[in-house]
Amino acid sequence: MSTAISESTPAIAVVIPHYNDLVRLERCLQALMQNDLTDTEIVVVDNKSPVSLEALRNAFPTVKFVVEEEKGAAAARNRGVCETAAPRLFFIDADCVPSRDWLTVGREIAARADLIGGRVDVFDETPPPRSGAEAFEAVFAFNFRQYIEVQGFSGSGNLLTRRDIFEEIGGFINGVSEDREWTMRAVAHGYDLIYEDRLRVSHPSRQDWDALRAKWHRTTREGFQLNGTSPVRRLRWALRALAMPASAVVHTPKVLKSGKLASAGERMRAIATLFRLRCLRMTWMLRQASGRSI
């Protein structure tokens, strides 16, 4: 059932899931305050963080803060949608920093497609030189254009859509790569998804190997769930796993040619991380294909 819209209902709701990252959430909200907030409400959905958000509530009195006890960004986003009646839904993550014209561009382009994913740039939170993880992320992280135009999905750290679409296809699902699954589900229902480079946010790079490994461990688990577990699907997953080392070779020229890296040392660290990560992902994926956990 569609939600009735009153004259006082904002046209846009910015939905931000959050868990235990107050510094980055504050940075995100400060950047949003530099935007044109006309006819816009901001909803932060906290996943019951172990720290108090009271200082942020006081610092940003126009922002709506709610608590969702079910863990996971999917549940938080779903709760955020339920907390507003706005017809336009703008999703951004708490660790992202929107550009000063993010909302202005969003309003301008919102009617062009059912779902619109934007650009995500990477920045470092540590001084140079970059670690291997930071150098790797500078080259490979958050290629939303490829996600959208080649692979047919978008991340939800920079995503615009409509309430009627959300209501028709249902909310995000915990336990899988929820943004990928949700956008692919929308496309499967006949909704169109496009990329817009002018819709920009930035995201901090993973600072070290442990953080990068944790990211890809989660992504590999979620990817296998989306892949499926039939014998044919497992075989396909195993073949993808065996191709991982070769993919590192194929992508090495991208590192060498990248203008995002400042030195030969950063390039070498990025290449070493590329091979280390792809080989690790191969072992994880082969374990999954054989029915073992990772």
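Presented here is an overview of the structure given in this document.

Quick notes on the rules
- Residues numbered from 1 in each chain as written.
- Predicted model: local features only at pLDDT ≥ 70, side-chain atom pairs only at ≥ 80, totals over all residues.
- Heavy atoms only, no water.
- Core = buried A, V, L, I, M, F, W, Y, C linked by side-chain atoms within 4.5 Å.
- Buried < 20%, exposed > 50% of the residue type's maximum accessible area, 1.4 Å probe, protein only.
- Helix = DSSP H or I, 4+ residues; strand = E, 2+ residues; numbered from the N terminus.
- Contact = heavy atoms within 4.5 Å.
- Axes fitted to C-alpha atoms, helices over the stretch in contact; angles between N-to-C directions.
- Parallel < 35°, antiparallel > 145°, perpendicular 65-115°, else oblique.
- Nonpolar A, V, L, I, M, F, W, Y, C, P; charged D, E, K, R; others polar.

**Brief notes about the nonpolar core**
Part 1: Grouped together as the largest cluster of nonpolar side chains are 50 residues, with contacts concentrated most on Val14, Ile16, Leu29 and Trp102.
Part 2: The leading source of residues in this core is strand 1 (residues 12-18), at 5 residues.
Part 3: One finds Ala138, Val139, Leu212 and Ala270 within the second-largest nonpolar core, a separate group that totals 18 residues.

**Looking at unusual backbone geometry**
Part 1: Cis rather than trans, the peptide bond between Pro128 and Pro129 has omega equal to 5°.
Part 2: Relative to the assigned elements, Pro129 resides in the loop between strand 6 (115-123) and helix 5 (132-140).
Part 3: Located in the positive-phi region is Asn20, a residue other than glycine, with phi close to 55°.
Part 4: Of note, the phi angle at Lys48 is positive, near 60°, even though the residue is not glycine.
Part 5: Structurally, Lys48 is set in the loop between strand 2 (40-46) and helix 2 (54-59).
Part 6: The class of Lys48 is partly exposed, set by a relative accessible area of 47%.

**Describing the side chain of Arg267**
Part 1: As for its position among the elements, Arg267 is in helix 12 (residues 264-289).
Part 2: Residues contacting Arg267, with those up to four places away along its chain left out, are Val255, Leu256, Ser258, Leu261 and Ala262.

**Digging into helix 5**
Part 1: Most of helix 5 sits inside the fold, with 9 of its 9 residues counted as buried.
Part 2: Among the residues of helix 5, Gly132, Ala133, Glu134, Ala135, Phe136, Glu137, Ala138, Val139 and Phe140 are the ones counted as buried.
Part 3: Looking at the residues trailing helix 5, positive phi occurs at Phe142, about 60°.

**With respect to the side chain of Asn78**
Part 1: Along the chain, the position of Asn78 falls in helix 3 (residues 73-82).
Part 2: On the basis of relative accessible area, Asn78 is assigned to the buried category, the value being 19%.
Part 3: Residues in contact with Asn78, not counting those within four places in the same chain, are Phe166, Gly171 and Phe172.

**Comments concerning the packing of helix 5 against helix 12**
Part 1: Running from N to C, helix 5 and helix 12 point in directions that differ by 85°, and their axes come no closer than 8 Å. If you check the angle between helix 5 and helix 12, you find them roughly perpendicular. Contact with helix 5, carried on its side by Gly132, Ala133, Ala135, Phe136 and Phe140, involves Glu266, Arg269, Ala270, Thr273, Leu274 and Leu277 of helix 12 and no other residues of that element.
Part 2: Broken down by class, the residue content of the contact of helix 5 with helix 12 amounts to 7 nonpolar, 2 polar and 2 charged.

Take it as geometry only, folks, not as evidence of what the structure does.
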